[in-house]
There are 2 protein chains.
Amino acid sequence: MIAKSQARWTDDAARVLRVTKGFQLSDVDPDATPGYDGDKAAGKADLKSGLEQLAEYQERLYAASRGGTAKDAVLLVLQAMDSAGKGGVVRHVVGGVDPQGIQLAAFKAPTEEELAHDFLWRVEKRLPGAGLIGVFDRSHYEDVLIGRVRKLADAQEIERRYGAIVDFERRIADRGIRIIKVMLHISPEEQGERLMERLERPDKHWKYNPGDVDERARWSAYMDAYQTALTRTSTDEAPWYVVPANHKWYARLAVQELLLEALEGIDPQWPVAEFDVEAEKKRLKATL
Amino acid sequence: MIAKSQARWTDDAARVLRVTKGFQLSDVDPDATPGYDGDKAAGKADLKSGLEQLAEYQERLYAASRGGTAKDAVLLVLQAMDSAGKGGVVRHVVGGVDPQGIQLAAFKAPTEEELAHDFLWRVEKRLPGAGLIGVFDRSHYEDVLIGRVRKLADAQEIERRYGAIVDFERRIADRGIRIIKVMLHISPEEQGERLMERLERPDKHWKYNPGDVDERARWSAYMDAYQTALTRTSTDEAPWYVVPANHKWYARLAVQELLLEALEGIDPQWPVAEFDVEAEKKRLKATL
């Protein structure tokens, strides 16, 4: 097992952030830093040391899958309102891992071909294979979030999707995918400031979309849709975690910690050689 | 333009490493560090500062493509004998860039479905879209390297492929992909040591394959196949670079420098906003 350095975590992130029975999104303070007993400077230092652990776990996960028998993979699902920090998590948490071990999928508005299939069709195709850490930047949850708020499907179809998601996630978990679903939770005030910064800096204009302000006007409808999605699809096989994200440093650290805890649970081992090591040494020596 | 910090490069890496008329692979010393006037410590420091430049260039490249008009992308093709350091380049050079800006494709032995198509079929599907840096870990060149050495196709078909590759690469370059093809060049002695290290360390056993020793016995046939491929397919649109790779630090630094020079040539700019910035500020303010 890889030594854990995040001594400033006073509790498992997975425990304090998890959506369980009775969960109310409106009770979560986006400014809080639950389970972590450190400030921004400490958080940044811990993020840095965690990167090395994550990189080593990932290499072991990958190696174990090459050994033939292990089928473990990890899937990090990221959902959030605009500007909540998904991109920063990808850059600063996932970015510390060998790109060869990452399978990143960003889900945009579905294409015509995708719309001609069930909403899980395009998701299935982007799942991580054994040994990989998959990252979904948005996901099938869009189909019960924007899908519900903007009425992109009728109520009966939206209703069908919650059950379909639970079944789908159970199946892929049974096949070996450890699923970690994260909602990065910011306040509308924080979002307002972040969008304004994008407007004030010419090098950030490309990140701004006039539609962002329209979506912002539907904030409470989105929170309702999240509340329903979170409580109806947080299962033992695929739990939801709500990560307060007004402090970017905390959100990144917490997602990293959730990944580390999941990998610690898998505890991937270097595989045993399937060849005769001494015989191979001799064969190789003969060529030197 | 982003300031260039690699003052220890005495010449453009693209100039000193490029395969041009009269090139002989056997003239390249795998121990050399052409164009760079620094030692290992300096090289590691320059690699680190180059990471930030590369990350900024990549973000600009991506932003420019979102602005609507720019179609630029970069494609780094990595070819090498086993253990020459492709993985290290991906980890230490490409790994410094935001994963959202990278499209990595590792080409293994072709599947039955792939074999039922032209050899470029699977390659086309993995090309980077505008704004991305694509990285090929092995590529369509396997089809004229191992394909030739192991006689996986007849001589006429191999012959056809050189021309097909030149045409294919010209087309995708015309569409906006800046192609950088790199052969990492190690000596057979260095490979022997690296393979032995994999055998000596249990945490490296998973990287070793008994077939590696068999391929090693075909070293000179591989060098002949490289010589032919390099000279027949190094074009203005898609030049080959041979990077001496016995020193890992040099190989990584040189590939990074080739990427930086290519991006400097593209010189991607932050796109101009397609919306009325002041009007958007007002709309947003009304929601605060």
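The structure we're discussing is the one just above.
Here we summarise the structure given alongside this text. Computed from a predicted structure; not experimentally measured. (Residues numbered from 1 in each chain as written. Chains lettered and ligands numbered in written order. Predicted model: local features only at pLDDT ≥ 70, side-chain atom pairs only at ≥ 80, totals over all residues. Heavy atoms only, no water.)

1. Side note on the overall build of chain A
- Each helix and strand counted, chain A has twelve helices and five strands in total.
- The C-alpha radius of gyration of chain A comes to 21 Å, within 12% of the 19 Å expected for a compact globule of 288 residues.
- With the principal axes as the frame, chain A shows a C-alpha extent of 70 × 45 × 40 Å.
- Burial analysis of chain A (288 residues in total) assigns 55% to the buried set. (Helix = DSSP H or I, 4+ residues; strand = E, 2+ residues; numbered from the N terminus. Rg over C-alpha atoms; globule rule 2.2 N^0.38 Å. Buried < 20%, exposed > 50% of the residue type's maximum accessible area, 1.4 Å probe, protein only.)

2. Overview of helix H10 (residues 219-233) of chain B
- With 15 residues, H10(B) extends 21 Å between its outermost C-alpha atoms, agreeing within 8% with the 21 Å of an ideal straight helix rising 1.5 Å per residue.
- If you check which residues of H10(B) are buried, you get Trp219(B), Tyr222(B), Met223(B), Ala225(B), Tyr226(B), Gln227(B), Thr228(B), Ala229(B), Leu230(B) and Thr233(B). (Expected span 1.5 Å × (residues − 1).)

3. Here we look at the relation of the copies chain A and chain B
- Its rotation angle being 180°, the transformation that places chain A on chain B also includes 0.0 Å of axial translation and leaves an RMSD of 0.0 Å. Here the symmetry operator amounts to a two-fold rotation axis. (Least-squares fit on C-alpha atoms with pLDDT ≥ 70 in both.)

4. Section: the environment of Asp46(A)
All names here are of chain A.
- Topologically, Asp-46 is positioned in helix H2 (residues 40-66).
- Each C-alpha atom of the pair Asp-46 and Glu-159 lies 41 Å from the other, and the pair is 113 residues apart in sequence.
- There is a polar contact of 2.7 Å between the side chain of Asp-46 and the side chain of Tyr-36. (Polar contact = N/O pair within 3.5 Å; in protein donor to acceptor, adjacent residues only side chain to side chain.)

5. Concerning the sheet that holds strand S1 (residues 73-80) of chain B
Residues and elements named next belong to chain B.
- Strand order in the open sheet made by the five strands is S2-S3-S1-S4-S5, with parallel pairing throughout. Each having just a single partner strand, strand S2 (102-106) and strand S5 (240-244) make up the two edges of the open sheet. The sheet shows a mean angle of 20° between the axes of neighbouring strands, direction not considered.
- Judged from the five bridges that link them, S1 and strand S3 (residues 133-137) form a sheet pairing that is parallel. Note on S3: the bridge partner recorded for Leu-75 is Gly-134.
- Sheet strands touched by helix H7 (residues 155-174): S1 and strand S4 (177-185). Its angle to S4, the strand with the most contacts, is close to 135°.
- Seen against the sheet, H10 touches S1, S4 and S5 and runs at an angle of roughly 155° to S4. (Pairing = 2+ DSSP bridges. Axes fitted to C-alpha atoms, helices over the stretch in contact; angles between N-to-C directions. Contact = heavy atoms within 4.5 Å.)

6. Points about helix H11 (residues 248-266) of chain B
- Taking 1.5 Å as the rise per residue, H11(B) with 19 residues should run 27 Å; its terminal C-alpha atoms sit 27 Å apart, in good agreement.
- A positive backbone phi angle near 50° is found at Asp267(B), which sits one or two residues after H11(B).

7. Section: the environment of Glu157(B)
- Tracing the backbone through its elements, the reader meets Glu157(B) in helix H7.
- What makes Glu157(B) partly exposed here is its relative accessible area of 22%.

8. Side note on the sheet that holds strand S4 (residues 177-185) of chain A
Residue and element names in this part refer to chain A.
- As summarised here, the arrangement of the five strands in space is S2-S3-S1-S4-S5, forming an open sheet in which the pairing is parallel. Either end of the sheet is taken by a strand with one partner, and the two such strands are strand S2 (102-106) and strand S5 (240-244). On average, each strand axis in the sheet is tilted by 20° relative to the strand beside it, whichever way the strands run.
- Sheet topology places S4 next to S5; five bridges connect them, and they run parallel. Bridging from a neighbouring strand, Leu-184 pairs with Val-243 of S5.
- In the packing of helix H11 (residues 248-266) onto the sheet, contacts are made with strand S1 (73-80), strand S3 (133-137), S4 and S5, and the angle to S4 comes to roughly 165°.

9. With respect to the interface of chain A and chain B
- Taken together, the contacts link 41 residues of chain A with 41 residues of chain B.
- Roughly 3800 Å² is buried in total at the junction of chain A and chain B, and carbon and sulfur atoms are behind 69% of that figure.
- Scanning the region where chain A abuts chain B turns up four salt bridges.
- Between Asp98(A) and Arg91(B) there is a salt bridge, with its nearest N and O atoms 2.9 Å apart.
- Inspection of the region where chain A meets chain B yields twelve residue pairs in polar contact (both at pLDDT 80 or more). (Buried area = accessible area lost by both parts, 1.4 Å probe. Salt bridge = Lys/Arg side-chain N within 4 Å of Asp/Glu carboxyl O.)

Keep in mind these values describe shape, not function.
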